[in-house]
Amino acid sequence: MLTNFTLRPEFNVPLGAPVGDPAQVPGGLAWVRMYQNGMTIVNPDANATTSTSLGLDPYRNVSTNRILAGDISIPPISGIVLVKVAPADLDARRKADLSLLQQGLEKYYAKYGTYKIAGAGANGNGNGWVAFEGTAGVTYLKSITRALFEEGFLATSTIKDPDPAQARFGGYMLYLCQTATSSNYSLSATLNSPSAEEISYAQTGCNATGANGAYSTYGKNYILTGANGAPNIASY
């Protein structure tokens, strides 16, 4: 009889059959194996953290239940089990989209020391609808997503809400809170089924409430935040 045995969630994941042999990430330390319904990634190195890209499609981390997309890091001597997110899971797509946007913003900050993207967003001030170009009360000469794409910080020039009914001006918003000593931001989306914690956290972001608040006016109930080059990974 086994004792001191912990049944981890990774042991019961329906990954399906493997669709290839394990392969090392080119130029990296990680090894990846693809399955019908997901993938496993392992970093066997004892000392170094490594990174890899998941691309634009969302995956769910079985251990933490977080939605991931884009670049991820794998600590030394560790692994991760990821399952594909169903296309019908629009909230998962939205969380993945905001994760991609957050990664792009952090790369921009690392290069320029600010989250304010010059010439992009509402009246070129780096705020507002992230994927809109045109006139919406104010002028958007260049979208925030296009500016990040042109810098090489996004893999696509536009990222919009997957539901056309919610994709007003692209659906996603960015607001900045800038002071003499601090640079903060909130990226926001409207989920179909937000948790109470997500709704509560959404009300704490930059320009969340008030006459033109992301939460109070536009109904944005999910946010990702960051400050001074340090992203807040959890949404609440």
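Relevant structure appears above.
Here is a short report on the structure shown in this document. The structure presented is a predicted model; accordingly, all values stated were derived computationally and were not measured.

Thresholds, definitions, all that
Residues numbered from 1 in each chain as written. Predicted model: local features only at pLDDT ≥ 70, side-chain atom pairs only at ≥ 80, totals over all residues. Heavy atoms only, no water. Helix = DSSP H or I, 4+ residues; strand = E, 2+ residues; numbered from the N terminus. Contact = heavy atoms within 4.5 Å. Expected span 1.5 Å × (residues − 1). Buried < 20%, exposed > 50% of the residue type's maximum accessible area, 1.4 Å probe, protein only. Pairing = 2+ DSSP bridges. Phe/Tyr/Trp six-rings, centres within 6.5 Å; stacked < 30°, edge-to-face > 60°.

With that out of the way, let us pick up the side chain of Thr-114. For Thr-114, the location among the structural elements is in the loop between α1 (90–112) and β9 (128–129). Those residues in contact with Thr-114 that sit more than four places away from it in its chain are Tyr-108, Tyr-109 and Gln-178.

Next up on the list: α1. Taking 1.5 Å of rise per residue, the 23 residues of α1 would be expected to cover 33 Å, and the 33 Å separating its terminal C-alpha atoms lies within 8% of that figure. Summarising burial for α1: 17 of the 23 residues are buried, a large majority.

Reading across the sheet, the 6 strands line up as β1-β2-β3-β8-β5-β6 and stay open at both edges, with antiparallel pairing between neighbours. Edge positions in the sheet fall to β1 (23–24) and β6 (67–68), since each has one partner strand and no second. Bridge count between β1 and strand β2 (residues 31–35): 2 bridges; the pairing is antiparallel. Considered in β2, the bridge of Gln-24 is made with Trp-31.

Below, the discussion takes up the packing of aromatic side chains. Under the criterion given, the structure shown has 8 aromatic pairs. Between Tyr-108 and Tyr-112, the ring centres sit 4.6 Å apart and the planes meet at 40°, which makes this aromatic pair tilted. Note that Tyr-108 and Tyr-112 are positioned in helix α1 at a spacing of 4 residues, about one turn of the helix. Residue class for Tyr-108 comes out buried when judged on its relative accessible area of 6%. Relative accessible area serves as the criterion here: at 39%, Tyr-112 is assigned to the partly exposed category. Here the aromatic residues Trp-129, Phe-132, Tyr-140, Phe-169 and Tyr-218 are joined through ring pairs into a cluster of three or more.

Glancing now at unusual backbone geometry. In this structure, Asn-65 takes a positive phi of about 70° despite not being glycine. By the secondary structure assignment, Asn-65 is in the loop between β5 (59–61) and β6. Notably, Ile-77 is not glycine yet its phi reads approximately 45°, a positive angle. Within the element layout of this structure, Ile-77 appears in the loop between β7 (71–74) and β8 (78–84).

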